[in-house]
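Residue-level listing of the chains:
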Amino acid sequence: MAITRLTQLGFESNGSGSLMELSSYGGSEIQLSSTVKKTGNYSLRFAGSSAHYARCSFPATFQARFGMHLRLGGLSSGSDVVFFYVLNDAGTALFSLDCTSSAVRLNVGGTLRASTPSSFPWPDFIHVGIDAKIASSGGWVNVYFDGTLVMSFSGNTGTTAMVQIGFGSRSLSALVSSWVDDIIIDDTTGESAAAPVPDYR
């Protein structure tokens, strides 16, 4: 089946950094960075420890892959800091990635499903790829770091379509000085199995 590009964000609009590529964002510490980026001239930075988020909408689909360059900072407080999530039209997280002081974790339908050891801050960007199919049976969410499968879940992943991604924490426990760049979202409807997400550098 054909794979179709749904959206792409590089924060390079009109040759200068732009937050207008986002559907919405909140918190005074959402910034553009010209000093820490993977490609081009800018990345999106989550600068401080207060609650902040950035979201991007895309056409509804039950099957998609997500790719991004991500560099996570340190924890400002506590644990269970959600830094990436995929929402349905009601604003409910279908699945999300969070981190503790020693791991990145995959949550599906609000339930912890897998984890992989990690320490923070990340010294450089990692290509994070996620291949997901939303279905009451036969669904999956696979997470890849630099092309290597690090977490996966198969089974009931929900019954409502994916329509929006979000970055940053929605609580006062937050990541300090984290960056995201080169976001792609592709519709993969009809693909029979999950696969590593290409790194479009």
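Residues numbered from 1 in each chain as written. Predicted model: local features only at pLDDT ≥ 70, side-chain atom pairs only at ≥ 80, totals over all residues. Heavy atoms only, no water.

A. Spotlight on the sheet that holds strand β9 (residues 93-99). Taken together, seven strands build an open sheet; the order of strands is β2-β5-β15-β8-β9-β10-β11 and the sheet is antiparallel. The sheet terminates laterally at β2 (24-26) and β11 (111-117), the two strands that pair on one side only. Direction aside, neighbouring strands of the sheet carry axes that sit 20° apart on average. Inspection of the sheet shows strand β10 (residues 103-108) paired to β11 by six bridges, in the antiparallel sense. Within β11, the position partnered with L106 by the bridge is A114. (Pairing = 2+ DSSP bridges. Helix = DSSP H or I, 4+ residues; strand = E, 2+ residues; numbered from the N terminus. Axes fitted to C-alpha atoms, helices over the stretch in contact; angles between N-to-C directions.)

B. A look at the packing of aromatic side chains. One pass over the full model with this rule turns up six aromatic pairs. On the basis of an interplanar angle of 65° and a centroid distance of 6.3 Å, the ring pair of F66 and F84 is categorised as edge-to-face. On the criterion of sequence distance, the pair formed by F66 in strand β6 (residues 63-71) and F84 in strand β8 (residues 81-87) is long-range, its members being 18 residues apart. The class for F66 is buried, based on a relative accessible area of 1%. Between F66 and F95, the aromatic rings sit 6.3 Å apart at their centres with planes inclined by 70°, giving edge-to-face as the arrangement. Highlighted residues: F66 in strand β6 and F95 in strand β9, separated in sequence by 29 residues. In this structure, F66 and F95 share a single accessibility class: buried. (Phe/Tyr/Trp six-rings, centres within 6.5 Å; stacked < 30°, edge-to-face > 60°. Buried < 20%, exposed > 50% of the residue type's maximum accessible area, 1.4 Å probe, protein only.)

C. Quick peek at the pattern of salt bridges. Inspection of the entire model under this criterion finds three salt bridges. Residue R5 is joined to D186 by a salt bridge in which the shortest nitrogen-to-oxygen separation is 2.3 Å. Pair noted here: R5 is in strand β1 (residues 4-9) and D186 is in strand β17 (residues 178-187), with a separation of 181 residues, a long-range link. Relative accessible area serves as the criterion here: at 2%, D186 is assigned to the buried category. D98 is paired through a salt bridge with R105; the nearest N and O atoms lie 3.0 Å apart. Side by side, D98 and R105 carry an identical accessibility label, which is buried. Shared partners join several salt bridges into a network, and the residues in it are R5, R65 and D186. (Salt bridge = Lys/Arg side-chain N within 4 Å of Asp/Glu carboxyl O.)

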